[in-house]
Amino acid sequence: MPSAAGGPVAVVAAAAAPVLGISPEMYPTEDDLPYEEEILREPFKLKGWWRYLVARAAAPFAKRAVIYERALKALPGSYKLWHAYLRERLDHSRPHPISHHAYASLNNTFERALATMHKMPRVWVLYLASLLDQRLLTRARRAFDRALRALPVTQHDRIWPLYLRLASLPACPVETSLRVFRRYLQYDPSHAEDFIDFLISANRWQEAADRLASVLNDDGFRSVKGKTRHQLWLELCEILTKHADEVAGLKVDAILRGGIRKFTDEVGRLWTSLADYYVRRTLYEKARDVFEEGVASVMTVQEFSVVFEAYTQFEQSMLAAKLEAAAEEGAGSDGEEEAGRKNGMDKQSKKYLEDCWLNDEDDTDLRLARFERLLDRRPELLSSVLLRQNPHNVEEWHRRVKLFEKDPARQVATYVEAVKTVDPMKAAGKPHTLWVAFAKMYEKHNRLDSAEEIFKKATQVNYKAVDHLASIWCEWAEMELRHNNFDKAIELMRQATAVPSVEVKRRAAAEGDEPVQMKVHKSLKLWSFYVDLEESLGTLESTRAVYEKILDLRIATPQIVLNYAYLLEENKYFEDAFKVYERGVKIFKYPHVKAIWVTYLTKFVRRYQRSKIERARELFDEAVKQAPPQEKKALYLQYAKLEEDYGLAKRAMNVYDEAVRAVPNSEKMSMYEIYIARAAELFGVPRTRQIYEQAIESGLPDRDVMTMCMKFAELERNLGEIDRARAIYIHASNYADPTSHPEFWKKWNEFEIQHGNEDTFREMLRIKRTVAASRSQTHFILPEYLMQRDQRLNLDDAVDTLKRAGVPEDEMAALERQLAPGPSTAPPPPPSTATAPANRMMNFVSAGVQAQAESSSSQKEAAAVNNEDIELPDESDDEEGDDVQIAEKSVPAAVFGELGKRAAEEESSGAQENEQLGALERIKRRRQ
């Protein structure tokens, strides 16, 4: 029974406790009896021990340690027990300082555990991490070695990170760390960068440089830190240059130059590193040579700036160091050093080197001169960099020449280098300008023979464009002209424009690549210069011969044709000039031939006037036939002017009529206006009626048709044809939207007020409403009271207009009373819905006649429909009476135009008084 069994155990424990000095808490209690009995029955089963430990999880660590010790004594090979025990010991020792005895017990426990758990890497990791925390370096190093020997190689990756941590501790000796890293690289060579970083931190520059060099020489190396070979190169260069005295055995110069050839994006930095290496080795002249080589080989402006800046700092520091040393040294010390040095020399050396400047220790002036010379050379060195980028950059060569303005010898050398270097086929710019500037430099120094030799060589270069070679010939000839060698200049132009022989052409065709020298004889620039020379210095025959060659080669321009014709006209060769114009209009097409046609026609008409009118007409017909529509207007006007001045007025009208059909739509309106104005002046105003009708029906835009109709109506009104004018307004209303063209309706409104009556005014209003309704997108059915208000408003507008026109107030009041609707009756419907027939067409018919015809046929019907129609007195009886007298009015002279004036003049002279009547007399007789 538990109580019986527990009683003796508790009594024995209580009795033994004072005797052994063990705390009573360490002994089993009554609650532990079930677990104690279980482990007594089965001491070699882990399950019972583990259940016991779990049940006593809250017990003090000392009691749990006793349980762990008893369990491990029974089961020494249990990994689970050892691992749990060690973790609890670690947690128990961690709050204490490393000098506490708990750590000694911990280490002892680890050693006892490793006796059986030496193949378990986790136990080793816990032990090694604990030793590192305790800073027991020697014991830890030995434990690491034991772990590496005990564990298989496949599990070494768990140990090495801790081992490297040990090697990186500041307290660890450097030699120990080096040996650890070397052993680690044997295990995993890919982590060479970690070793290199450690060597750099430990100031072991020699081995760090060796390791970096070996890494860079290994093509299969891949950086685990993501560094590129370029970055590794830069690290090696930095070590070699900044620690040149501590690194030996490596060819620093060869390594850095190899990096310069391989890594072109850091050339400037590598050159400065190489020079810095020699500076640290106190090889100053060698460093200066490296700087010079660097500024002479870099390819970009940025790299040049880096190297040049370092170079200037080097020279400045050298000068500053010398000045500082000279200031510190006294005159006495200088004398003693000089005496000691002289005593060490033999007499022969003293004899030859005593007065030599190389033997002078004070080279401050030399260093200052070097520094100033370096600063002065910067533009030249920068120009060299740009030319190394593109040696075929012509503009950069010109800028380089300007750098040596005070040194003609350097300029000549630069030009020679430029013309040898620049390939005309690859040149950026115009390569011929180098030859021209080269020759002009010799000309500036009065070396004409050398300049001519330069030009002669320049003409033999195969340029990319013919214009370049032509420019060379022209510049050569201009140089001869500047020195009054006129015959030689013309001879040069004759030589340049000579056609190559058949043999030369055959040879060039056999070679395949035809040089520009075979094409220069067709250069327009060359021929233009040649013909200018001939006009200025040659004869008329020689100049004509040059112009003829230009035309034969078919390289002429319209301006050359005009110049040729002007030349012939100045020398009174008019027919030959016209032949030149004829050739020009056959060679060129529009728009280039426009100037030739205009000049040709103008000169021909001015020259021959009436004498060759038929030929002039043929020329104009041909000109308008070739011209595009947008260019025909000016030709037609010129053609019509010819007919008016020297031909027939009827033919002029035919020309205008043809013009309005040929010009584009955008110019038809202006052309019709000119046509109408000329017809009115030549044949009188009535002649313009058919022109107006033609213009209205010709397809002009709606706005132009409306404008033309308004002008036509105004013309008819001035001629007294009121019905025709009204019919024109009715026709034009189809094109006039009341909302967008109010000026048209205002004009018609004024016309009806001045010349119309009630019916015509109402008809105008009806048409306006109809057009407005048809033009609008949305139609509304208006109530009757709105229609009545609209009618009243229109009536008020009419009364106001009559008042402004000067009509007496009594007549206006009577008209208003007649038109106003009654107060007790409904407003009448609009005339357009009640009286106007549905199929009425708008034509050129008098509104008054139409109203009379309608009134006679629908008088009774209208009375039946609406009893409140306005009754007006019947005017038909008065108009049809026999006693009506028509007032006569003189017709304006502008109606008959220029021809009417001529007839009047002939009539007044009496030459044909009896045979021919005037227009006014005919009109009178026709009316009688």
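Computed from a predicted model, the values in this text were never measured in an experiment.

A. Representation of the overall build of the protein chain. Counting secondary structure elements, the protein chain contains 50 helices and zero strands. Evaluated residue by residue, the protein chain yields a buried proportion of 38% over its 928 residues. In the protein chain, the share of contacts with a sequence separation of at least 24, taken over all contacts with a separation of at least 6, comes to 57%. About 53,600 Å² of surface is accessible on the protein chain, with carbon and sulfur atoms providing 52% of the total.

B. Examining the pattern of salt bridges more closely. Scanning the model with the defined rule gives 49 salt bridges in all. Between arginine 583 and aspartate 552 there is a salt bridge, with its nearest N and O atoms 3.6 Å apart. Taken as a pair, arginine 583 in helix 32 (residues 574-587) and aspartate 552 in helix 30 (residues 540-552) lie far apart in primary sequence, 31 residues in all. We classify aspartate 552 as exposed; its relative accessible area is 56%. The salt bridge involving arginine 678 is made with glutamate 681; its shortest N-O contact spans 2.4 Å. On the criterion of helical spacing, the pair formed by arginine 678 and glutamate 681 is a turn pair, its members being three residues apart in helix 37 (residues 665-683). Within this structure, Glu285, Arg288, Glu315 and Arg370 form a network of salt bridges that share partners.

C. Structural context of a negative patch on the surface. A cluster of acidic residues, Glu618, Asp621, Glu622 and Glu658, forms a negative patch on the protein surface. Counting residues per element, the negative patch draws most heavily on helix 34 (residues 613-626), at three residues. Within the secondary structure, glutamate 618 sits in helix 34.

D. Just the packing of helix 37 against helix 38 (residues 688-696), in detail. Two elements in contact, helix 37 and helix 38, have axes whose closest approach is 9 Å; the angle formed by their N-to-C orientations is 170°. What the angle tells us is that helix 37 and helix 38 run roughly antiparallel. Of the two possible hands of crossing, helix 37 and helix 38 adopt the one that is right-handed. For the pair helix 37 and helix 38, contact is made by Tyr672, Tyr675, Ile676, Ala679 and Ala680 and by Thr688, Ile691, Tyr692, Gln694 and Ala695, respectively. Here the contact of helix 37 with helix 38 is composed, by residue class, of eight nonpolar, two polar and no charged.

E. How the structure looks around unusual backbone geometry. Omega for the bond connecting tyrosine 590 with proline 591 falls within 30 degrees of zero, at 5°, which places this linkage in the cis form. The backbone of arginine 554 sits at a positive phi, close to 60°, despite the residue not being glycine. Mapped onto the elements, arginine 554 comes out in the loop between helix 30 and helix 31 (558-570). Accessibility expressed as a relative area gives 63% for arginine 554, which makes it exposed. For lysine 572, which is not a glycine, the phi torsion comes out positive at approximately 70°. The exposure class of lysine 572 is exposed, given its relative accessible area of 62%.

F. The nonpolar core, seen in detail. In terms of nonpolar packing, the biggest core is built from 128 residues, with Trp473, Met708, Phe744 and Trp748 touching the most fellow members. Among all residues touching methionine 708, those that are not within four sequence positions of it are Met669, Tyr672, Ile676, Tyr692, Ala695, Ile696 and Leu700. Counting residues in each nonpolar core, the second largest holds 101 residues, with Ala65, Ala71, Leu162 and Leu166 among its members.

G. Inspection of the environment of tryptophan 527 at higher detail. Within the element layout of this structure, tryptophan 527 appears in helix 29 (residues 524-537). Separated by 23 residues in the primary sequence, tryptophan 527 and isoleucine 550 place their C-alpha atoms 7.1 Å from one another. Leave out the neighbours within four places in its chain, and tryptophan 527 touches Thr497, His521, Lys522, Val546, Lys549, Ile550, Leu553 and Ile555. A polar atom in the side chain of tryptophan 527 sits 2.6 Å from the backbone oxygen of histidine 521.

H. Structural context of the packing of helix 14 (residues 252-262) against helix 15 (residues 267-280). Two elements in contact, helix 14 and helix 15, have axes whose closest approach is 9 Å; the angle formed by their N-to-C orientations is 170°. Taken together, helix 14 and helix 15 sit at an angle that is classed as roughly antiparallel. Packed against helix 14, whose contacting residues are Val252, Asp253, Leu256, Arg257, Gly259 and Ile260, the element helix 15 presents Val267, Leu270, Trp271, Ser273, Leu274, Tyr277 and Tyr278 at the interface. Residue composition of the contact of helix 14 with helix 15, grouped by class: nine nonpolar, two polar and two charged.

I. Quick peek at helix 38. Along helix 38, the residues that are buried comprise Thr688, Ile691, Tyr692, Gln694, Ala695 and Ile696. Buried residues belonging to helix 38 abut helix 36 (649-662), helix 37, helix 39 (702-718) and helix 40 (722-732).

J. How the structure looks around the packing of aromatic side chains. Scanning the entire structure with this criterion turns up 29 aromatic pairs. Aromatic side chains phenylalanine 181 and phenylalanine 195 sit 5.6 Å apart centroid to centroid with 15° between the ring planes, which places their arrangement in the stacked category. Taken together, the residues phenylalanine 181 in helix 10 (residues 174-187) and phenylalanine 195 in helix 11 (residues 192-201) connect sequence positions 14 residues apart. Judged on exposure class, the residue phenylalanine 181 and its partner phenylalanine 195 are both buried. Geometrically, the ring pair formed by tryptophan 473 and tryptophan 476 is stacked, given 5.7 Å between the ring centres and 20° between the ring planes. One end of the pair, tryptophan 473, and the other, tryptophan 476, are both in helix 26 (residues 466-482), three residues apart, so they sit about a helical turn from each other. Each member of the pair, tryptophan 473 together with tryptophan 476, is buried. Taken together, Phe578, Tyr581, Trp597, Tyr600, Phe604 and Tyr608 form an aromatic cluster joined through their ring pairs. The ring of tryptophan 50 has lysine 80 lying over it, and the distance from NZ or CZ to the ring centre is 4.5 Å. Taking NZ or CZ as reference, arginine 607 lies 6.0 Å from the ring centre of tyrosine 608, over its face.

K. Highlighting helix 30. Under the 1.5 Å per step criterion, the end-to-end length of helix 30 is 18 Å for 13 residues, consistent within 8% with the ideal 18 Å. Those residues of helix 30 that sit buried are Thr543, Arg544, Val546, Tyr547, Ile550 and Leu551. One side of helix 30 holds all its buried residues, which, seen down the axis, span an arc of 160°. Across from the buried face of helix 30, at angles greater than 90 degrees, the exposed residues are Glu541 and Asp552. Of the surrounding secondary structure, the elements contacted by the buried residues of helix 30 are helix 29, helix 31 and helix 32. Of the residues trailing helix 30, arginine 554 is marked for its positive phi of about 60°.

L. Geometry of the side chain of threonine 599. Structurally, the position occupied by threonine 599 is in helix 33 (residues 594-608). Accessibility expressed as a relative area gives 14% for threonine 599, which makes it buried. Looking at threonine 599, its side chain comes within polar contact range of the main-chain oxygen of alanine 595, at 2.7 Å. Excluding residues that lie within four positions of it along the chain, threonine 599 makes contacts with Leu562, Tyr566 and Tyr581.

M. Focus on the confidence of the model for the protein chain. Confidence in the prediction for the protein chain averages 76 pLDDT; 76% of positions are at 70 or higher. With pLDDT under 50 throughout, residues 1-21 is counted as low confidence; its partners more than four residues away or in other chains account for seven contacts. For residues 778-787, every residue scores under 50 in pLDDT, and the model assigns this stretch five contacts once sequence neighbours within four places are set aside.

Definitions and cut-offs
- Residues numbered from 1 in each chain as written.
- Predicted model: local features only at pLDDT ≥ 70, side-chain atom pairs only at ≥ 80, totals over all residues.
- Heavy atoms only, no water.
- Helix = DSSP H or I, 4+ residues; strand = E, 2+ residues; numbered from the N terminus.
- Buried < 20%, exposed > 50% of the residue type's maximum accessible area, 1.4 Å probe, protein only.
- Contact = heavy atoms within 4.5 Å.
- Areas by Shrake-Rupley, 256 points an atom, 1.4 Å probe, with all protein chains shown as cover.
- Salt bridge = Lys/Arg side-chain N within 4 Å of Asp/Glu carboxyl O.
- Patch = residues over 30% accessible without salt bridge, like charges linked within 9 Å, V, L, I, M, F, W, Y side chains within 5 Å.
- Lys, Arg positive; Asp, Glu negative; His and termini not counted.
- Charge placed at Lys NZ, Arg CZ, Asp CG, Glu CD.
- Axes fitted to C-alpha atoms, helices over the stretch in contact; angles between N-to-C directions.
- Parallel < 35°, antiparallel > 145°, perpendicular 65-115°, else oblique.
- Left-handed = near helix turned anticlockwise from the far one by under 90°.
- Nonpolar A, V, L, I, M, F, W, Y, C, P; charged D, E, K, R; others polar.
- Core = buried A, V, L, I, M, F, W, Y, C linked by side-chain atoms within 4.5 Å.
- Polar contact = N/O pair within 3.5 Å; in protein donor to acceptor, adjacent residues only side chain to side chain.
- Phe/Tyr/Trp six-rings, centres within 6.5 Å; stacked < 30°, edge-to-face > 60°.
- Lys NZ or Arg CZ within 6 Å of the ring centre and 35° of its normal.
- Expected span 1.5 Å × (residues − 1).
- Arc of directions from axis to C-beta.
- pLDDT = per-residue confidence, 0-100.

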